[in-house]
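In case you want the letters, here they are:
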Amino acid sequence: MNHTAVIGAGTMGNGIAHVFAQNNHQVALIDISEASLEKGLKTIEKNLDRQVNKGILTEDDKIATLKRITTFTSIEEGVKGADLVVEAATENMEIKLKIFENLDKVCDEKTILATNTSSISITRIAGATQRPEKVIGMHFMNPVPVMKLVEVIRGYSTSDEITDQIMEMSKNLGKIPVEVSDYPGFVSNRILMPMINEAIYALYEGVAGVEEIDTVMKLGMSHPMGPLQLADFIGLDVCRSILEVLFEGFGNPKYAPCPLLVNMVNAGHKGAKSGTGFYDWSKGAKDLSVATRFKKKTNKTS
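Residues numbered from 1 in each chain as written. Predicted model: local features only at pLDDT ≥ 70, side-chain atom pairs only at ≥ 80, totals over all residues. Heavy atoms only, no water.

Section: the pattern of salt bridges
And step 1. Evaluated as defined, the whole model comprises 13 salt bridges.
And step 2. Where Arg154 meets Asp160, a salt bridge forms, and the shortest distance between an N and an O atom there is 2.7 Å.
And step 3. The class of Asp160 is exposed, set by a relative accessible area of 52%.
And step 4. In this structure, a network of salt bridges that share partners links the residues Glu45, Asp49, Glu59 and Lys62. (Salt bridge = Lys/Arg side-chain N within 4 Å of Asp/Glu carboxyl O. Buried < 20%, exposed > 50% of the residue type's maximum accessible area, 1.4 Å probe, protein only.)

This is the structure we're talking about:
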């Protein structure tokens, strides 16, 4: 399999397209927005330049990788002849169901349909198709060109053959695949999101400020990034959405998003992508004065 279509040219989609193209796949990058496609290609080129500067790739490798990527605004045109389609659209159940219902109609019978969802049920997504045995989760980690892990998630009906093919393909991409079962949050976010949520609660309840919470986890637990900085990097809206999926899936109040997280997202403070979250990202770097402000606003004991 060396013809792959990727749906969505955002952060995850362009990263996935980059990795497949770098590993000799012909890639169709699909998005309804021409502007998003242009931005996605620029991001891929910038990331390839970074790899060239680090000596990971040659200039010829970069040029060859870019030549393997073709952009489309039509799903029907983009998926023609694809062996694999990887959906990396917005983390929204209704959007994904519509995409997979359409993919099932326009893709070849042999085409494997994968989703990069970080929390939504693979089984439910597969239910929108007439080929549930060929639907699987490929949850890449961000940034895709750098991170090695791929969670390969089997839906209830995903076949052994398709699972084996995707595990092997992931290895051929230079990734380390881990097979997991289809339960809310899978493994990564079932563990990560409650930790992030608890860190937000610690801030909300005035236990400590943003910098202090992140420093404890970085120095005390050897985490490369503190949970609040990581939440900003992931996107606070994405964190809230995943927690809501966990809460709905398990019915356990421990997964309910912290009120501070809900308020921040409602106010448009979504982290790095919006310029403001627990840190100020407007200049591309965190400003700890924002952390101090949040500590004062949310300390219930003052």
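Let us keep going from here.
Some thoughts on the nonpolar core
The tendency in soluble globular proteins is for nonpolar side chains to be buried as a group.
And step 1. By size, the foremost hydrophobic cluster in this structure holds 31 residues, and its most contacted members are Ile16, Phe20, Leu29, Leu84, Met138, Phe140 and Ile166.
And step 2. Every element with two or more residues in this core is listed here: α1 (11–22), β2 (26–30), α2 (34–53), β4 (84–87), β5 (112–115), β6 (135–140), β7 (149–154) and α7 (160–172).
And step 3. Among the elements that make up this core, the one with the highest residue count is α1 (6 residues).
And step 4. Excluding anything up to four places from it in sequence, Leu29 contacts Val6, Gly8, Ala9, Gly13, Ala17, Leu37, Ile44, Ile69, Thr70, Thr71 and Phe72.
And step 5. One finds Cys239, Leu243, Leu246 and Trp281 within the second-largest nonpolar core, a separate group that totals 25 residues. (Core = buried A, V, L, I, M, F, W, Y, C linked by side-chain atoms within 4.5 Å. Helix = DSSP H or I, 4+ residues; strand = E, 2+ residues; numbered from the N terminus. Contact = heavy atoms within 4.5 Å.)

With respect to the layout of surface pockets
And step 1. Roughly 300 Å³ of volume is contained in the second largest pocket.
And step 2. Among the elements that make up the lining of the second largest pocket, the one with the highest residue count is helix α11 (residues 236–250) (5 residues).
And step 3. A domain split of the lining of the second largest pocket shows at least three residues from each of domain 1 (3–181) and domain 2 (189–288). (1 Å grid on protein atoms, 1.4 Å probe; cavity = no way out; pocket = protein on both sides within 12 Å on 5 of 7 lines; lining within 4 Å. Points joined across faces, edges and corners; volume = space filled by probe spheres on them. Domains from an automatic or database assignment.)

Let's talk about the domain arrangement of the protein chain
And step 1. Domain boundaries in the protein chain define domain 1 (3–181) and domain 2 (189–288).
And step 2. Taking both partners together, domain 1 and domain 2 bury about 490 Å²; carbon and sulfur atoms supply 55% of that area.
And step 3. Summed over the shared surface of domain 1 and domain 2, the number is 0 salt bridges.
And step 4. Where domain 1 packs against domain 2, one counts 1 residue pair in polar contact (both at pLDDT 80 or more).
And step 5. Of the residues assigned to the side of domain 1 that touches domain 2, the class counts are 2 nonpolar, 4 polar and no charged. (Buried area = accessible area lost by both parts, 1.4 Å probe. Polar contact = N/O pair within 3.5 Å; in protein donor to acceptor, adjacent residues only side chain to side chain. Nonpolar A, V, L, I, M, F, W, Y, C, P; charged D, E, K, R; others polar.)

Side note on helix α8 (residues 188–204)
Every α-helix winds through 3.6 residues per turn, so residues three or four apart in the chain are directed the same way.
And step 1. For α8, with 17 residues, the first-to-last C-alpha span of 24 Å sits near the 24 Å given by 1.5 Å per residue.
And step 2. Every buried residue of α8 is accounted for by Ser188, Asn189, Met193, Ile196, Asn197, Ala199, Ile200, Ala202 and Leu203.
And step 3. Following α8 by one or two positions, Gly206 has its phi on the positive side, about 80°. (Expected span 1.5 Å × (residues − 1).)

Things to note about the packing of aromatic side chains
And step 1. Scanning the entire structure with this criterion turns up 3 aromatic pairs.
And step 2. Ring centres of Phe20 and Phe140 lie 6.4 Å apart, and the angle between their planes is 65°; this geometry places the pair in the edge-to-face category. Pair noted here: Phe20 is in helix α1 and Phe140 is in strand β6, with a separation of 120 residues, a long-range link.
And step 3. Overall, Phe20 belongs to the buried group, its relative accessible area being 0%.
And step 4. A ring pair is formed by Tyr201 and Tyr204, whose centres lie 6.1 Å apart and whose planes are at 70°; its orientation type is edge-to-face. Taken together, the residues span about one helical turn, with Tyr201 and Tyr204 both in helix α8 at a distance of 3 residues.
And step 5. Given the relative accessible area of 22%, Tyr204 is considered partly exposed. (Phe/Tyr/Trp six-rings, centres within 6.5 Å; stacked < 30°, edge-to-face > 60°.)

Some points on the sheet that holds strand β3 (residues 69–72)
And step 1. Overall, mixed pairing links the 8 strands, which are arranged β3-β2-β1-β4-β5-β6-β7-β8 in an open sheet. If you trace the sheet from one side to the other, it starts and ends with β3 and β8 (176–181), each paired once. Strand-to-strand, the axes of this sheet are offset by a mean angle of 25°, without reference to chain direction.
And step 2. When strand β1 (residues 3–7) meets β2, the two strands line up parallel, connected through 5 bridges. Looking at β2, one finds that Thr4 is bridged to Val27.
And step 3. Sheet strands touched by helix α5 (residues 93–106): β1, β4, β5 and β6. Its angle to β5, the strand with the most contacts, is close to 170°. (Pairing = 2+ DSSP bridges. Axes fitted to C-alpha atoms, helices over the stretch in contact; angles between N-to-C directions.)

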